[in-house]
Structures are given as structure tokens and as C-alpha cells.
Amino acid sequence: MTDSELIENVKLAINPKFQDWVLFKNGTYIIFDDITKVKNANDEAIAIMKEFGPVFAGGPAGDFNTIHLTKTEGWIVAGHGYGMYTFVSPAELENKSPDDLEVGLFGRSKRDLDGKKPEIIYVNKSK
């Protein structure tokens, strides 16, 4: 999936009431409730990603919830860290009928990659 395809899918996945968000290379994004309280969205997103993105065995970062999307194909994996979600496309999975556990584990691994090496590819701002 190209960066532009990822961006378009995430735009469709996010509730339109949330206009301020930062997207990382592997599909993890962070939503900001009030961007006016954030000095620098990029710096804040990277700090949050470094804190809550990496997965450590036995820790809360291993927990996740899989959300099925309706406006685009795929899923959102929610987990440790408020406002942090990871988009998973069906094209990324070998199994064409994955269950929530398989999708969730894959999404968690993508978040872990973003947490260990955060690279912002897109910033969406309302203002």
C-alpha cells in the first residue's frame, strides 16, 4: 500500500468530527481532541508514539481491540494510548477471512514498528 492509499483509507476510517491527527508510516495514527493545546503536533505525536507505541510482553501495550470499518475495507486496532489507532488493510494479510485476534495481532505489530521508529507521513489539521 502506498502512502497516499494509506492516507485515503485512514481519512475514511476516522470519524469526521476528528480533524486533527498525525499518521505514521506503518498505519498508526494519533487523534488530538484539541490541537490548540498542543505546541507542536509533530513533536507531541512522536513523544506519544515513543511512549505508547512499542509493545512489551506482559504490559498494557499488548492489549488491543479490533474495530471493523464500514466506509473502507479494513479494520482499526485500538489499544494502549488514548487516541492511538492502527489501520489494517485486508491486502496486508495472507488470510482472506481473518478473525479479530489475527487482525489485532497484526495491527499491534504495526504499532510496535511505528513506536520503535516513528516516521510521520501525514498531518491533518482543522486550522
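Described in the following lines is the structure provided in the data block.

Topic: the nonpolar core
- Leu6, Ile7, Val10, Ala13, Ile14, Trp21, Leu23, Tyr29, Ile31, Leu69, Ile76 and Phe87 form the largest nonpolar core, which has 12 residues in total.
- Looking at this core, the elements that each hand over two or more residues are α1 (3-13), β1 (21-24) and β2 (28-31).
- No other element matches the four residues that α1 contributes to this core.
- Membership of the second largest hydrophobic core comes to 11 residues, among which are Val22, Ile30, Ala41 and Met84.

Brief notes about the pairing of β1
- Because side chains alternate across β1, one face comprises the buried residues Trp21 and Leu23, and the other comprises Val22 and Phe24, equally buried.
- By the bridge criterion, three bridges tie β1 to β2 in an arrangement that is antiparallel. Among the inter-strand pairings, Trp21 is bridged to a residue of β2, identified as Ile31.
- The turn joining β1 and β2, which pair antiparallel and follow one another in sequence, is formed by three residues; a positive phi near 100° is taken by Gly27.
- As defined by bridge partners, β1 adjoins strand β6 (residues 120-124) across four bridges and the pair is classed as antiparallel. Bridge assignment links Trp21 to a residue of β6, and that residue is Asn124.

Each value, and the rule that gives it
- Residues numbered from 1 in each chain as written.
- Predicted model: local features only at pLDDT ≥ 70, side-chain atom pairs only at ≥ 80, totals over all residues.
- Heavy atoms only, no water.
- Core = buried A, V, L, I, M, F, W, Y, C linked by side-chain atoms within 4.5 Å.
- Buried < 20%, exposed > 50% of the residue type's maximum accessible area, 1.4 Å probe, protein only.
- Helix = DSSP H or I, 4+ residues; strand = E, 2+ residues; numbered from the N terminus.
- Pairing = 2+ DSSP bridges.

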